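Take a look at the letters that make up each chain.
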Amino acid sequence: MDSVMPLRTTTAATPTAATAAATVRPRFSFQLLANPRPRKPAFSLSVPTTIFTTHRARNLPQFTPVRAQEDSSAVVSESTVPEGDALKIKEWEVERFQDEIAASQGIKIRRRPTTGPPLHYVGPFEFRMQNEGNTPINILEEIIWYKDKEVSQMKEKKPLLLLKKLLSGVPPTRDFLGALKKSYSRTGLPALIAEVKKASPSRGVLREDFNPVEIAKAYERGGAACLSVLTDQKYFQGSFENLEAIRNAGVECPLLCKEFVIEAWQIYYARVKGADAILLIAAVLPNLDIQYMIKICKLLGLSALVEVHDEMEMDRVLGIDGVELIGINNRDLGTFKVDISNTKKLLEGERGERIREKGIIVVGESGLFTPADIGYVQDAGVKAVLVGESLVKQEDPAKGISGLFGKDISC
Ligand SMILES: O=C(O)c1ccccc1NCC(=O)[C@H](O)[C@H](O)COP(=O)(O)O
């Protein structure tokens, strides 16, 4: 079958996330490759130019004519696209713009699978997308695609307007960042964010007899400064009910809602469910989204833990206003590889200097099991650590904390 490729493009400047929906639409002309000599322009479609550049390189779908009639040289326009399809095509264009912005910042994770615009007619041709891009590239992308659907459903049940009304009834937040600083000055050791984590994609079920409230209380007894509560159900067997239950059980440690945030709505939801802080993952969120979400966090009295895994993400995040807390994840969320020297690598040289100048608190995350591990990341420059597996697996997680730090850090 013939394939098509762009002959000529006129491009508008790449839009920002905030303006993507309202941006001018570049136009294309296509020609059937079966015809070796350029003929009259065949037809035009309203599609972002960039799709045919980096997205093609990223294995995203390309246009393919599925039924050609005799007169392939006829000039037609998008006005022949039925109205219902036109809206869906526009939505598809905006999504592609968003992916494009993310890709330009080195973000490989796409927000949702590429489905392509709906089947539609363009003059004598009927077009559809080949769904080549609808297999997730790794577990993180799979999680994000599932989250996208989940959040859409949750939003229908609890729209933002309702959440905003509920906000007036929730107790004030506790100072997450303040608790970390206080603990660090008290113990001289990295402040502990102890994670309430039943299972994970990399390790499976970590603890069968999982009682989130009991575990949270044990962590507090053992000297944790703050707690991290996984709320993702499908991949971590967590829940917002766990977060709420811990909050309502009288645990005083500030709580981090460990979620895969892709929309501001989730931040409001977390606040209503008792969170004091929220995780923002740089591998998933473009810079403007992070900046915007940090503002929402401030508005709601929440701290934002912005998580990075490599130098590029760290550099991006250091350029964003308002970042006060950065987590360096030693786990590659795509491959599950854990290497605690990642923390050291990202804090070396000028980067470390910049972080200190900005007064940013750094949290070393994942793969910490021994006092030597804690000492190693402390020497690298962290003032806090986030630990799940090595504590949650202990029969008594409070004693597990003493084991991890090599001493009793409870007051
Ligand atoms: O833990 C995973 O398998 C995982 C997979 C995909 C995305 C995120 C994942 N974990 C989140 C975390 O980074 C950890 O829960 C956290 O840093 C604690 O790590 P650990 O002490 O190694 O349990």
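Only a predicted model underlies this, so the values are computations on that prediction, with no experimental measurement involved.

What about the packing of helix 10 (residues 311-318) against helix 12 (residues 349-358)?
When two helices pack together, their arrangement is given by the angle between their axes and by how far apart the axes lie. Viewed as axis vectors pointing N to C, helix 10 and helix 12 meet at an angle of 30°, and their least axial separation amounts to 11 Å. In this view, helix 10 runs roughly parallel relative to helix 12, as classed from their interaxial angle. The handedness of the crossing between helix 10 and helix 12 is left-handed. In contact with E311, M314, D315 and L318 of helix 10, helix 12 contributes R351, R354, I355 and K358.

Thoughts on the pairing of strand 14 (residues 325-329)
With respect to burial, strand 14 is a largely interior element, five of its five residues being buried. Neither face of strand 14 is open: one carries L325, G327 and N329, the other I326 and I328, and all of them are buried. What joins strand 13 (residues 303-308) to strand 14 is helix 10, and the crossover it makes is right-handed.

Description of the sheet that holds strand 15 (residues 361-365)
The strand order 7-10-11-12-13-14-15-16 describes a closed barrel built from eight strands, whose pairing is parallel. Ignoring strand direction, the axes of neighbouring strands in this sheet form an average angle of 25°. Bridge analysis of strand 11 (residues 255-258) against strand 12 (residues 277-281) gives two bridges, and the strand direction is parallel. Paired with C257 across the two strands is I278, which belongs to strand 12. This element, helix 6 (residues 212-222), spans strand 7 (191-196) and strand 10 (226-230) of the sheet and lies at about 170° to strand 7.

Some points on the UniProt feature "domain: Indole-3-glycerol phosphate synthase" (unreviewed entry) in the protein chain
Using the residue numbers shown here, the UniProt feature "domain: Indole-3-glycerol phosphate synthase" (unreviewed entry) corresponds to residues 140-402. From the first C-alpha to the last, residues 140-402 spans 32 Å; its make-up is 48% helix and 17% strand.

Rules used throughout
- Residues numbered from 1 in each chain as written.
- Predicted model: local features only at pLDDT ≥ 70, side-chain atom pairs only at ≥ 80, totals over all residues.
- Heavy atoms only, no water.
- Axes fitted to C-alpha atoms, helices over the stretch in contact; angles between N-to-C directions.
- Helix = DSSP H or I, 4+ residues; strand = E, 2+ residues; numbered from the N terminus.
- Parallel < 35°, antiparallel > 145°, perpendicular 65-115°, else oblique.
- Left-handed = near helix turned anticlockwise from the far one by under 90°.
- Contact = heavy atoms within 4.5 Å.
- Buried < 20%, exposed > 50% of the residue type's maximum accessible area, 1.4 Å probe, protein only.
- Right-handed = clockwise from strand over helix to strand, strands pointing away.
- Pairing = 2+ DSSP bridges.
- UniProt positions renumbered as here; feature names shortened; annotations may be inferred.

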